[in-house]
Amino acid sequence: MPHAEIAGGLRLYYELTGPEDAPVILQFGGGLFGRHNFGLVNDGFRERFRLLSFDARGYGASDHPRERYSIEQWADDGAALLDAVGLERVYVHGTSMGGMIAIAFVAKFPERTIAGCADVAFAKPDLYRRTVLRVWRRMAEAMPWDEFSDHVTTQAVGARFMESPEGESIFELVRDIVGLNDPYTVRQACLAMETMDLSPLVPQIERPLLMTNGTHDVLCPPDLAPSGLGARKMAEQNEHIELVEFPDIGHADLVECPQDAIRIVTEFFLKAA
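Definitions and cut-offs
Residues numbered from 1 in each chain as written. Predicted model: local features only at pLDDT ≥ 70, side-chain atom pairs only at ≥ 80, totals over all residues. Heavy atoms only, no water. Salt bridge = Lys/Arg side-chain N within 4 Å of Asp/Glu carboxyl O. Helix = DSSP H or I, 4+ residues; strand = E, 2+ residues; numbered from the N terminus. Buried < 20%, exposed > 50% of the residue type's maximum accessible area, 1.4 Å probe, protein only. Pairing = 2+ DSSP bridges. Axes fitted to C-alpha atoms, helices over the stretch in contact; angles between N-to-C directions. Phe/Tyr/Trp six-rings, centres within 6.5 Å; stacked < 30°, edge-to-face > 60°. Expected span 1.5 Å × (residues − 1). Arc of directions from axis to C-beta. Contact = heavy atoms within 4.5 Å.

**Student:** Got a minute to help me understand the pattern of salt bridges in this structure?
**Tutor:** Close approach of charged atoms lets side chains of opposite charge pair. Inspection of the entire model under this criterion finds 16 salt bridges. With its nearest N and O atoms 2.9 Å apart, the salt bridge here joins Arg137 to Glu194. Residue Arg137 is found in helix H4 (residues 127-142), and its partner Glu194 is found in helix H8 (residues 183-194); the two are separated by 57 residues along the sequence. Side by side, Arg137 and Glu194 carry an identical accessibility label, which is buried. Measuring nitrogen to oxygen at the nearest pair gives 2.7 Å for the salt bridge that ties Arg232 to Asp223. In this structure Asp223 comes out as partly exposed when scored by relative accessible area, which is 44%. What emerges from the salt-bridge pattern is a single network uniting Glu15, Arg35 and Asp55.

**Student:** How do you make sense of the sheet that holds strand S6 (residues 113-119) when you look at a structure like this?
**Tutor:** Note on sheets: strands pair through backbone hydrogen bonds, and any given pair is parallel or antiparallel. The strand order across the open sheet built from 8 strands is S1-S2-S4-S3-S5-S6-S7-S8, with neighbouring strands paired in mixed fashion. In the strand order of this sheet, the two ends are held by strand S1 (3-5) and strand S8 (241-246), each with one partner. In this sheet, adjacent strand axes meet at a mean angle of 25 degrees when their direction is disregarded. Both S1 and strand S2 (residues 11-17) contribute to a ladder of 3 bridges, which runs antiparallel. By the bridge assignment for S2, Ala4 is matched with Leu12.

**Student:** I tried to follow the pairing of S8 on my own but got confused; where do I start?
**Tutor:** Working note: regular strand, side chains alternate between the two faces of the sheet. Bridge count between strand S7 (residues 209-214) and S8: 6 bridges; the pairing is parallel. Bridged to Thr212 within S8 is Val244.

**Student:** Looking at this structure, I do not really get the packing of aromatic side chains. What am I missing?
**Tutor:** Two aromatic rings are characterised by how far apart their centres lie and by the angle between their planes. Tallied over the entire structure, the rule returns 12 aromatic pairs. Where Tyr69 meets Tyr184, the ring centres are 6.5 Å apart and the plane angle is 85 degrees; that geometry is what we call edge-to-face. One end of the pair, Tyr69, is in the loop between strand S4 (50-54) and helix H2 (71-85); the other, Tyr184, is in helix H8, and 115 residues separate them in sequence. By relative accessible area, Tyr69 is classed as buried at 2%.

**Student:** What exactly am I supposed to notice about H4 here?
**Tutor:** Within an α-helix, residues lying three or four positions from one another point in the same direction, as the helix has 3.6 residues per turn. For H4, which comprises 16 residues, the first-to-last C-alpha distance of 23 Å matches the rise-based estimate of 22 Å (1.5 Å per residue) to within 8%. Looking only at H4, the buried set comprises Arg129, Val132, Leu133, Trp136, Arg137, Met139 and Ala140. One face of H4 carries all of its buried residues, which in axial projection span an arc of 165 degrees. Away from the buried face of H4 by more than 90 degrees, exposed residues Leu127 and Ala142 are located. Those residues of H4 that are buried lie in contact with helix H5 (145-156) and H8.

The structure is reproduced here in structure tokens:
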């Protein structure tokens, strides 16, 4: 399996797939799904792009140091991975926690970014979202892993999708993917999001950044309470940020409407180029 070694001797597992002469998308997965978050959209993106998918620090086949993790550190790891594999500038696509990492990456590394998409993400949680993440962290410490997974599914996927033919096996799918994770890393991911504040970075963003959010998303809606910083306020604060809302879905557009997600992000990236 291909691994890249970055600062401190940390080894990251990665995969480069798609046309060799196509522009590259660096993918940041979510806190519970990791790189598997993009499983239903990868084939669509590979029609136009080459994909750099990797297990972030603490996930999958990458190293799992027992340390405090942060959103900014995961963004730094992404830049270090580009150095290790010899890539200068890329598109950036992150979802859920990966969307938060994408916000940090685009702000911190404009010279490495063509354009970015932060899917179902925010820059700072409000009290409601901080509480959800704290409870998730405590549940991950105390509950059986499959029951914790089912609870997360009810908050991440829309109720109608669960009862549709496409969503018939969603609970089993999420259990399988969440079960691949190190529980320590999941708890650290929840803590990283709970304490995250990327609001100082938002004004620094100078590359095109697309925020994609579901109207009925209870985890990362486009509008947060005053103590948070969601996608709509981000777009109001910075002319380089755009917002697209997916109507009538929850937190999982990459699962609930993958073809729409592929089309919207592809069009944005090609326009930015």
